[in-house]
Amino acid sequence: MAGIEITSLHMRYPDGTVAVEEVDLSVRDGELFVMLGPSGCGKTTTLRAVAGLERQTSGTIRIGDTPVDDLPPGERDIAMVFQFYALYPHLKARDNVAFPLRAEGLPEAEVRRRVEDAARMLQLGPLMGRRPQRLSGGEQQRVALARALVRRPRAFLMDEPLTNLDAEQRTDMRAEIKHLQRELGATMVYVTHDQVEAMSLGHRIAILNKGRVEQVGTPMEVYDRPASLFCAAFIGSPPMNLVDVEVADGALRGPGGIALPVPYGVPDGRPLVAGVRPEALEVTAPGTDGAVRGRVVSVEALGDETIYVVECEGEHDVRVRMPPTARFAADAPVGVRHVGGPPPVYDRDTERLVA
Ligand code: ATP
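Residues numbered from 1 in each chain as written. Predicted model: local features only at pLDDT ≥ 70, side-chain atom pairs only at ≥ 80, totals over all residues.

The chain has the name ABC transporter ATP-binding protein in an unreviewed UniProt entry, where Cellulosimicrobium composti is given as its organism.

J.: Explanation requested: unusual backbone geometry in the structure shown.
T.: Trans peptide bonds make up the majority, and among non-glycine residues the majority have a negative phi. Of the consecutive residues Ser-237 and Pro-238, the connecting peptide bond is found in the cis state with omega at -5°. In this model, Glu-160 sits at a positive phi of 45°, which is unusual for a non-glycine residue. Tracing the backbone through its elements, the reader meets Glu-160 in the loop between β7 (155-159) and α5 (167-184). Although it is not a glycine, Lys-210 sits at a positive phi angle of roughly 50°. Residue position: Lys-210 is located in the loop between β9 (204-209) and β10 (212-217). (Helix = DSSP H or I, 4+ residues; strand = E, 2+ residues; numbered from the N terminus.)

J.: I would appreciate a short explanation of the domain arrangement of the chain in the present structure.
T.: Frequently, the measure chosen for interface size is the accessible area that the parts lose on association. Taken domain by domain, the chain consists of domain 1 (4-232) and domain 2 (238-347). Each of domain 1 and domain 2 has a C-alpha centre, and the two are 39 Å apart. For the side of domain 1 that touches domain 2, a count of residues per class yields three nonpolar, no polar and one charged. (Domains from an automatic or database assignment. Nonpolar A, V, L, I, M, F, W, Y, C, P; charged D, E, K, R; others polar.)

J.: Can you help me understand the nonpolar core in this one?
T.: Formed by 96 residues in total, the largest nonpolar core has its most connected members in Ala-146, Phe-156, Leu-157, Val-189, Tyr-190, Ala-274 and Val-336. When residues in this core are grouped by element, the largest group, six residues, is from helix α4 (residues 137-149). Not counting chain neighbours up to four residues away, the residues in contact with Val-336 comprise Ile-258, Leu-281, Val-283, Ala-291, Val-292, Gly-294, Val-310, Cys-312, Val-318 and Val-320. (Core = buried A, V, L, I, M, F, W, Y, C linked by C-beta atoms within 7 Å. Buried ≥ 20, exposed ≤ 12 C-beta atoms within 10 Å, placed from the backbone. Contact = placed C-beta atoms within 7 Å.)

J.: I'm lost on the sheet that holds strand β19 (residues 333-338) in this one. Help?
T.: To summarise the sheet geometry, strands pair through backbone hydrogen bonds and adopt either a parallel or an antiparallel arrangement. Taken in spatial order, the five strands of this open sheet run β15-β19-β16-β17-β18, and their pairing is antiparallel. The two strands at the open ends of the sheet, each matched to only one other strand, are β15 (281-284) and β18 (316-322). Within the sheet, the average angular offset between the axes of one strand and its neighbour, ignoring direction, is 40°. Across seven bridges, the pairing between strand β16 (residues 292-301) and strand β17 (residues 306-312) is antiparallel. Bridging from a neighbouring strand, Val-296 pairs with Val-310 of β17. (Pairing = 2+ DSSP bridges. Axes fitted to C-alpha atoms, helices over the stretch in contact; angles between N-to-C directions.)

J.: Explain the sheet that holds strand β14 (residues 272-276) to me, please; I cannot follow it from the model alone.
T.: Here five strands make up an open sheet; going across it, the order is β13-β12-β11-β14-β20 and the pairing antiparallel. Each edge of the sheet is formed by a strand with only one pairing partner; in this case those strands are β13 (259-260) and β20 (345-347). Of the strand pairs in this sheet, β14 and β20 are connected by three bridges, and their pairing is antiparallel. Bridging from a neighbouring strand, Ala-274 pairs with Val-345 of β20.

J.: Before we go on, may I ask you to explain the site of the ligand in this structure?
T.: Taken together, 13 residues form the shell around the ligand, and within it Tyr-13, Ala-19, Ser-39, Thr-44 and Thr-45 come nearest. Sort the elements by how many residues they give to the shell around the ligand and helix α1 (residues 43-51) lands first, with three residues. (Near = placed C-beta within 6 Å.)

This is the structure:
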């Protein structure tokens, strides 16, 4: 296996569209690295440049110790799995998996051994004799994965491979991919716009926006301390409350006078925004100590938790995550208070994390 080093990648398509403005990423050997971002942020283009399917306008890509900029896709020694399975319809699953090995001219005994290994890892056993049209979407995607891994490439690139699966199949396949990655110690770059998928799969996540990397970090790092307002709004469901605040009397003061603890190093005299997770707030009885007054706008009971939207004094709505035992009705007068540690704080002008 091998790490992947992307340096100053810039990509402009012939029609003038700049898909990748400037991307620097360093994927470690054996890492499951997720590229996450909204549609059109340049994830696929970056991945295709690594695979050699697009030629970057400038910048360099190394796989292991090898600069691959001048190598065609076939010589980069990587496997790519797409959201569309692209299996050969006339070939049985077994022959689809064997296809790249036969194309390389491997001896048939070796082909058979590797195909059996892959079938075992992905539990494809009885499905191997079927043609794609007799397999479900999830099964086809497992066959596509098996076909990618028989070649034992130096790295795997996956572009939204679970998009066409239903919710249950996605959960299963996610576990499968995680397990495979661990078993093979494989370097994997996984592209998705789904933050749940990113958080549950990635050792580290890169958040992309408009062709640039906004943040790279572990799932907990990007959740706890999003590096910019963009990341703060993108990660978490429901997302953070972004609250205009100012430093006064040793606290961060928000609308309606809500008080938040001040993190160390908050700059003076700048317009600031605090990022307050819904679970760092609490709905209480009106008049509770330290709570600002509000009114319940909506209640979403999800079974294991309840999400409240509360309009606080100053006509400011906040989202609050509460245990299902909380019982506040729509329209009820309530209090809202902060219960967590100091929130991340952003400069309102630069939109970057400052404390
Ligand atoms: P998605 O999640 O929708 O696939 P993405 O983050 O993968 O999005 P890209 O597919 O890399 O984004 O596209 C980045 C930008 O480049 C978009 O504005 C897209 O319209 C544009 N683009 C992609 N391919 C081409 C192309 N062949 N020619 C011109 N523009 C392109």
